[in-house]
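Here is how the chains run, residue by residue.
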Amino acid sequence: MTTLLEMREITKVFPGVKALDRVSLTVEAGEIHAICGENGAGKSTLMKVLSGVYPHGTYEGEIVYDGQPLHNRGIRDSEHKGIIIIHQELALIPLLSIAENLFLGNEVASKGVISWPMAFKKTEDLLRQVGLNEPPGAVVGKLGVGKQQLIEIAKALSKNVRLLILDEPTAALQEADADRLLDLMLDLKARGVTQIIISHKLNEISRVADRITVIRDGTSVSTLTKDEISEDRIIKDMVGRDMAHRYPERESHPGEMLFEVENWSCWHPEQAGRQMIKGVSLNVRKGEIVGIAGLMGTGRTELAMSIFGRSYGKGHQGTVKMHGKPVDVSTVTKAIEAGISYVTEDRKALGLILEEPILRNISLANLVGIAKNSILDKRREAQVAETYRKQLAIRTPGVQQKVVNLSGGNQQKVVLSKWLFTDPELLILDEPTRGIDVGAKFEIYTIMKDLADQGRGVLMISSEMPELLGMCDRIYVMNEGRIVGELTRDEASQEKIMALIVKDNGKTTGKVA
Amino acid sequence: MAEKQSSLGGHFRENGMLLALVAIVALFSLLVSMQGKPMFLQAPNITNIFLQNGHVIILALGMLLIIVSGHIDLSVGSVAAFTGAVAAWLTVKQGLPVWAVIPLTLLVGGLIGAAQGYWVAYWRIPSFIVTLAGMLVFRGATLWLLGGQNIGPFPKEFQAMSSGFIPDLTGVMKPHGLTLIIAALAIAIVIWIGLRARKRDAEFGITPEPGGLFWGRTLVIAAAMAFVGWQLASFRGLPNVLVVLTVLIVLYAFFTENTVQGRRIYAVGGNEKAAKLSGINTERLVFACFVNMGVLAALAGMMVTARLNSATPKAGTGFELDAIAAVFIGGASMTGGSGKIIGVVIGALIMGVMNMGMSILGVGIDYQQMIKGLVLLAAVIFDVYNKNK
């Protein structure tokens, strides 16, 4: 094996912060090399140095690529040499077709005139290589994220990629799509494309990666080979301490019945006649943490949002009870008054006002709580924010800091603070640890435990089965808009959850056939 | 670290605006005296800045709320013209007394705002389209109501709205005693509010701006107010317009910064979906912003009509652009969610001072427009530059 890339002692300083401190990375030709690390550890900065986003001269250290020193002046330079990065946020233009996107900036043209027949033909060829069966003229925006991801890879292939960098490629993908992507990575590897993958998902890494470099606080901690890869080892290197217990110890004492949903149904807001939630019934007791498992797109978020002030769907039917009495949840305000809170899955788009300071985000859902006769008491607002900052250990120089400057974990704590300030009896947490690093996850779990210990009910939606198994007293399994099973803590396992889903899918297919 | 920067950055913006205003005033003073004309900052000119730009400030107050909520209103010039025509029609043709005309006209303005806000808020039709339509519709409606002619003149009481001065209850008359008392009170209040905010900043753990900067700025403001107060008092006293303006500015500043509903408007503009999921009735707030804009447009329309002493088909042309320019010069974000009343007022004053200064200097309307356009562009570029830095 020959070395394709060697980054030696890379140091990158931003005003006031040393983002990278003598990081070294060696990538062999033809391997899949994973980079792991907590959020803010410096993974993305390192990749930006490599791909020319930070040009030569703005960092210290040396990069040797293909036996030659690499002096990138910009992204174009590195793309010429076959180094192509696919960012977490896809860079496709939704209103253009696949073919138009693939050759954007690199058009199949002579003298400025595009040859569409040629472009379409090349597109078809590239799509075949990534295993995507869509016409080249299809509009990208109408395809799912998984397919868009494949188009990005096809785009990279069109540029004769030699080193492909994927920054958290599966973060937004459903499990099946993620699987397909990982298979494609292995396929590309077989065809000689060297790849670097940045990922939080340790199971994926152990599946595709040949070697792993762990980065912590801007320095490279270790490089492990395939045989040394184990989740515990990686976690230990990432956080710098042993995480024998990834979940806080908790004894559950479920109390009286708190929250009941009976026969809840609703329909798709636009597509007439498409029932999204089909007669769901579930309940949560005081002091209980209840999970909802299921694949993505099976209606879990839709269920939560439709209950929370009919924020999703139309034609709602069914009853919601608190303490055994039916409550009106027809608007968000009424749901909050009934003691329900919903922490959204997408905290940036739906949970926070990024350009506003922490304290104004925390008070948002309960402005009345800091006001007298509709006039805000800003002193009280600051006190409230300060209280939650301490209680939830939000790491920030002060509550006047804009939330856009916080890390994912701290942003999530701000969202939690906002809802805790409404003093809810039941919290619905939708993917509460998505995109959060391992250390912060533990803190979020601890907060959930504390909430349950205070006698509140927690309903947790998650696509990460280990965290459901680690945290929940009971788990409902949802599929195709229905609850297809309920497991207690003792009976639940990943296999049983999957079995319930698969069995249900078998039933529906059976009906159709 | 970042905390300090953002806090200073905030003060920097407002101080910069104020500095720009002072610099512009100084520039015109210099240029006017170089032409050998009477002093720029004399009482009639100062009075006129407020009389001639009162409507821009009033429109800009409403426009700020609209823009903060993430929308725009292009119809305010036409609505001002139409409501001015309604007021003229009610007063001159129907012979209604002033006390009935004013509330009726404001009501018409509110209804127009509601009609437009309904489509924007509840049907989610882009405000740009709805109010562009409104701009055409109400310009046409003005022509129709006036039959293509001017309607006027108005009784004295109606004109007092724009050209009257407060009576001198102290009986001193020269200089105007009550004006001086009000000016002194206003200075005291400004200093007190500044000190209180400073104290509160410290309590909240916001790094306060340096003492020298604070006192320097407060001194400049106090001196300017004392000067304006004295000049006004030695002329005809405090104009009614300025009283109305002050009340509205204080009211809107308080509303935007210290009330639940005011805060919610910022949330709607900052992230509508998050606001909605936090239990905020975003539709109703946007609707309310447009109703408010309609009422303020009617007030501005009446003031302009009263000043000209007649309602004309061409009244209010370009008002929407002046108001929007004032809001953006005042530092509001183009995407909604941020902007301050005080910034908007300074923005409107900058436009007003430039209008008057250039007129006195005899700068042609062609150059005036070009210069104003460039000032707007420069202000926004300055903002963007600061944000990216």
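Residues numbered from 1 in each chain as written. Chains lettered and ligands numbered in written order. Predicted model: local features only at pLDDT ≥ 70, side-chain atom pairs only at ≥ 80, totals over all residues. Heavy atoms only, no water.

Looking only at helices and strands, chain A features 17 helices and 24 strands. Compactness check: chain A gives a C-alpha radius of gyration of 25 Å against a globular reference of 24 Å for 513 residues, within 12% of the reference. Dimensions along the principal axes, computed over C-alpha positions, put chain A at roughly 70 × 60 × 50 Å. Every one of the 513 residues in chain A was classed for burial, and the buried ones make up 53%. Relative to all contacts within chain A whose residues are 6 or more apart in sequence, the contacts with residues 24 or more apart total 66%. By element, 49% of the accessible surface of chain A is carried by carbon and sulfur atoms, the whole surface being about 22400 Å². Averaging the coordinates of the 65 positive side-chain charges in chain A and doing the same for the 68 negative ones gives two points 3 Å apart. (Helix = DSSP H or I, 4+ residues; strand = E, 2+ residues; numbered from the N terminus. Rg over C-alpha atoms; globule rule 2.2 N^0.38 Å. Buried < 20%, exposed > 50% of the residue type's maximum accessible area, 1.4 Å probe, protein only. Contact = heavy atoms within 4.5 Å. Areas by Shrake-Rupley, 256 points an atom, 1.4 Å probe, with all protein chains shown as cover. Lys, Arg positive; Asp, Glu negative; His and termini not counted. Charge placed at Lys NZ, Arg CZ, Asp CG, Glu CD.)

Along any regular strand the residues' side chains alternate between the sheet's two faces. Residue and element names in this part refer to chain A. Sheet topology note: the strand E13 (residues 257-267)/strand E14 (residues 275-285) ladder contains 7 bridges and is antiparallel. Each bridged residue has a counterpart across the sheet, and for Glu260 the counterpart in E14 is Asn283. Across 6 bridges, E13 lies against strand E16 (residues 314-322) in antiparallel orientation. What sits directly across from Ser265, in E16, is Gln317. (Pairing = 2+ DSSP bridges.)

Residue and element names in this part refer to chain A. The sheet contact formed by strand E1 (residues 3-14) and strand E4 (residues 60-65) spans 5 bridges and is antiparallel. Its bridge partner lying in E4, Thr11 is registered against Glu60. Examined bridge by bridge, E4 and strand E5 (residues 68-69) share 2 bridges and lie antiparallel to one another. Each residue of the ladder has a partner; that of Val64, found in E5, is Pro69. Here E4 folds back onto E5, and the loop between the two strands holds 2 residues, one of which, Asp66, carries a positive phi near 55°.

With that settled, consider the environment of Thr223 of chain A. Residue and element names in this part refer to chain A. Along the polypeptide, Thr223 turns up in strand E12 (residues 219-225). For Thr223, the contacting residues outside a window of four places in its chain are His33, Arg211, Ile212, Thr213 and Glu228. Within the structure, the side chain of Thr223 is placed 3.1 Å from the side chain of Thr213, a separation counted as a polar contact. (Polar contact = N/O pair within 3.5 Å; in protein donor to acceptor, adjacent residues only side chain to side chain.)

This paragraph deals with the confidence of the model for chain A. Predicted confidence across chain A gives a mean pLDDT of 87, with 96% of residues reaching 70 or more. Overall, residues 509-513 of chain A carries pLDDT values under 50, and its contacts beyond four positions in sequence, including any with other chains, amount to 0 contacts. (pLDDT = per-residue confidence, 0-100.)

The next thing to look at is the interface of chain B and chain A. Taken residue by residue, the interface counts 26 residues in chain B and 34 residues in chain A. Together chain B and chain A conceal approximately 2500 Å² of surface at their shared face, both sides included; 58% is due to carbon and sulfur atoms. On the surface where chain B and chain A come into contact, there are 1 salt bridge. Arg263 of chain B is the partner of Glu381 of chain A in a salt bridge, and the nearest nitrogen-oxygen pair spans 2.6 Å. For the side of chain B that touches chain A, the secondary structure elements donating two or more residues are helix H1 (2-34), helix H7 (177-203), helix H9 (240-258), helix H10 (260-270) and helix H11 (272-277) of chain B. Per element, the largest residue contribution to the side of chain B that touches chain A is 6 residues, and it comes from H10 of chain B. (Buried area = accessible area lost by both parts, 1.4 Å probe. Salt bridge = Lys/Arg side-chain N within 4 Å of Asp/Glu carboxyl O.)

Residues and elements named next belong to chain A. Inspection of every chain in the model, using the stated rule, returns 13 aromatic pairs over all chains. Between Tyr247 and Tyr445, the aromatic rings sit 5.0 Å apart at their centres with planes inclined by 45°, giving tilted as the arrangement. One end of the pair, Tyr247, is in the loop between helix H8 (231-239) and E13; the other, Tyr445, is in helix H15 (residues 438-453), and 198 residues separate them in sequence. Taking the relative accessible area as the measure of exposure, Tyr445 reaches 4% and is therefore buried. (Phe/Tyr/Trp six-rings, centres within 6.5 Å; stacked < 30°, edge-to-face > 60°.)

So, about helix H4 (residues 116-129) of chain A. All names here are of chain A. For H4, spanning 14 residues, the distance from its first C-alpha to its last is 20 Å, which sits close to the expected 20 Å at 1.5 Å a residue. Buried within H4 are the following residues: Ala119, Thr123, Leu126 and Leu127. For H4, the angular spread of the buried residues around the axis is 100°, confining them to a single face. In H4, the exposed positions angled more than 90 degrees off the buried face are occupied by Pro117, Lys121 and Arg128. Tucked inside the fold, the buried residues of H4 contact helix H3 (98-102) and helix H5 (145-158). One or two steps after H4, the chain reaches Gly131, where phi turns positive at roughly 70°. (Expected span 1.5 Å × (residues − 1). Arc of directions from axis to C-beta.)

Residue and element names in this part refer to chain A. The sheet built from 6 strands is open, its strands ordered E18-E21-E22-E15-E23-E24 with mixed pairing. A single partner strand is all that each edge strand has here, and the edge strands are strand E18 (340-343) and strand E24 (482-488). Between one strand axis and the next, the sheet turns through 20° on average, direction left out of account. Taken together, the 6 bridges between strand E23 (residues 474-479) and E24 define a ladder with antiparallel strand orientation. Its bridge partner being in E24, Met478 is matched across the sheet by Ile483. Helix-sheet contacts for helix H14 (residues 408-420) involve E18 and strand E21 (426-430), and the interaxial angle to E18 is about 165°. Its contacts with the sheet put H15 on strand E15 (289-293), E21 and strand E22 (457-461), and the angle it makes with E22 is roughly 145°. (Axes fitted to C-alpha atoms, helices over the stretch in contact; angles between N-to-C directions.)

The next subject is the pattern of salt bridges. Residue and element names in this part refer to chain A. Within the structure shown, the criterion is met by 34 salt bridges over all chains. With its nearest N and O atoms 2.4 Å apart, the salt bridge here joins Arg207 to Asp183. With a gap of 24 residues between them, Arg207 in helix H7 (residues 202-208) and Asp183 in helix H6 (residues 175-190) connect regions that are remote in the sequence. Among the residues examined, Arg207 registers a relative accessible area of 35% and is labelled partly exposed. When salt bridges with common partners are traced through the structure, they connect Arg300, Glu345, Glu431 and Arg434 into a single cluster.

On to the side chain of Thr83 of chain B, then. Its place among the elements puts Thr83 of chain B in helix H3 (residues 76-93). On the basis of relative accessibility, which here comes to 0%, the residue Thr83 of chain B falls in the buried class.

Turning our eyes to something else, we now look at empty space enclosed by the protein. Residue and element names in this part refer to chain B. Under the defined criterion, the tally for this structure stands at 5 cavities of 30 Å³ or more. Put simply, the largest cavity is a space of about 50 Å³. Ala80, Ala81, Gly84, Ala85, Gly301, Val304, Thr305, Ala311, Thr312, Ala315, Gly316 and Phe319 are the residues that line the largest cavity. Those elements that place two or more of their residues in the lining of the largest cavity are H3 and helix H12 (282-308). At 4 residues, H3 tops the list of elements feeding residues into the lining of the largest cavity. Considered class by class, the residues forming the lining of the largest cavity number 7 nonpolar, 5 polar and no charged. (1 Å grid on protein atoms, 1.4 Å probe; cavity = no way out; pocket = protein on both sides within 12 Å on 5 of 7 lines; lining within 4 Å. Points joined across faces, edges and corners; volume = space filled by probe spheres on them. Nonpolar A, V, L, I, M, F, W, Y, C, P; charged D, E, K, R; others polar.)

Our focus in this paragraph is the side chain of Thr312 of chain B. All names here are of chain B. One can find Thr312 in the loop between H12 and helix H13 (319-329). Only 3.1 Å separates the side chain of Thr312 from the backbone nitrogen of Ala315, close enough to count as a polar contact. Those residues in contact with Thr312 that sit more than four places away from it in its chain are Thr142, Leu146 and Asn150.

Turning to the confidence of the model for chain B, a few remarks are in order. Residue and element names in this part refer to chain B. Looking at chain B as a whole, the pLDDT averages 89, with 95% of positions reaching at least 70. Note on residues 1-9: pLDDT is under 50 here. Beyond four places in sequence and across chains, it has 12 contacts. Two summary scores accompany this predicted model of the complex, namely pTM at 0.81 and ipTM at 0.87.

All names here are of chain A. As summarised here, the arrangement of the 4 strands in space is E14-E13-E16-E17, forming an open sheet in which the pairing is antiparallel. Edge positions in the sheet fall to E14 and strand E17 (325-326), since each has one partner strand and no second. Most of the contacts of helix H9 (residues 300-307) go to E13, to which it runs at about 110°, and overall it touches E13, E14 and E16.

Attention now moves to a nonpolar patch on the surface. The grouping of Ile181, Leu185, Ile189, Trp192 and Ile193 of chain B at the surface amounts to a nonpolar patch, some 510 Å² of accessible area in total. When its relative accessible area of 53% is taken as the criterion, Trp192 of chain B is described as exposed. (Patch = residues over 30% accessible without salt bridge, like charges linked within 9 Å, V, L, I, M, F, W, Y side chains within 5 Å.)

The peptide bond linking Gly152 of chain B to Pro153 of chain B adopts the cis configuration, its omega dihedral lying at -10°. On the secondary structure map, Pro153 of chain B appears in the loop between helix H5 (127-146) and helix H6 (156-163). Unlike most non-glycine residues, Glu9 of chain A shows phi in positive territory, near 45°. Following the sequence through the fold, Glu9 of chain A ends up in strand E1. In the Ramachandran plot, Lys111 of chain A falls in the positive-phi region, its phi being about 55° despite a non-glycine side chain.

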